[in-house]
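Spelled out, the chains give:
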Amino acid sequence: MTDSKNINNPVGQGGGQRKKLSRAERQNNGPHRNLDRQGAAAQKAELVRKMREKAAAAEGAAQASDDTAES
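Reading the values: rules and limits
Numbering of residues begins from 1 in every chain and follows the order in which that chain's sequence is written. Note on the predicted model: pLDDT of at least 70 is required for a residue's local features to be given, and 80 or more for side-chain atom pairs to be given and counted; whole-chain, interface and lining totals, by contrast, use all residues. Neither water nor hydrogens contribute to the side-chain values; these are computed over all heavy atoms in the structure. A run of H or I in DSSP counts as a helix once it spans at least four residues, and a run of E counts as a strand once it spans at least two, with each numbered from the N terminus. Exposure categories follow from relative accessible area, calculated using a 1.4 Å probe and restricted to protein chains: below 20% of the type maximum is buried, above 50% is exposed, and the middle band is partly exposed. With residues, only the protein chains shown are counted as cover, and all accessible areas are computed by Shrake-Rupley using a 1.4 Å probe. One side-chain nitrogen of Lys or Arg within 4 Å of one carboxyl oxygen of Asp or Glu is enough to make a salt bridge.

1. Regarding the overall build of the chain
Next up, step 1: Within the chain, the regular secondary structure consists of 2 helices and 0 strands.
Next up, step 2: Considering the chain as a whole, with its 71 residues, one finds that 1% of them fall into the buried category.
Next up, step 3: Working note: accessible area of the chain is about 6,600 Å², and carbon and sulfur atoms make up 51% of it.

Structure (structure tokens):
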């Protein structure tokens, strides 16, 4: 008897057809992963925004100290 290794072509699995799984779903990265990626992208955007604000504040402080040193 032959055994199939492909989940989309199950041999000897009674009970009708099975849903074809995408490659990502076979790796347990189903549709829920898209939401995870969106959440991660939002967190990254927030972190980048905070870092830019800190850099701008530090740059502003450095310019202010330069201005007072020249006078």
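After presenting the structure, the write-up continues.
2. Quick notes on the pattern of salt bridges
Next up, step 1: A complete count under the given rule lists 2 salt bridges for this structure.
Next up, step 2: The salt bridge involving Arg-49 is made with Glu-46; its shortest N-O contact spans 2.4 Å. Of the two residues, Arg-49 and Glu-46 both sit in helix α2 (residues 32-70), 3 residues apart, roughly one turn of that helix.
Next up, step 3: Look at Glu-46 and you get partly exposed, because its relative accessible area is 34%.
Next up, step 4: Put simply, Glu-53 and Arg-49 hold a salt bridge, and the shortest N to O gap is 2.6 Å. Placement of the pair is Glu-53 and Arg-49 together in helix α2, with a separation of 4 residues, close to one helical turn.

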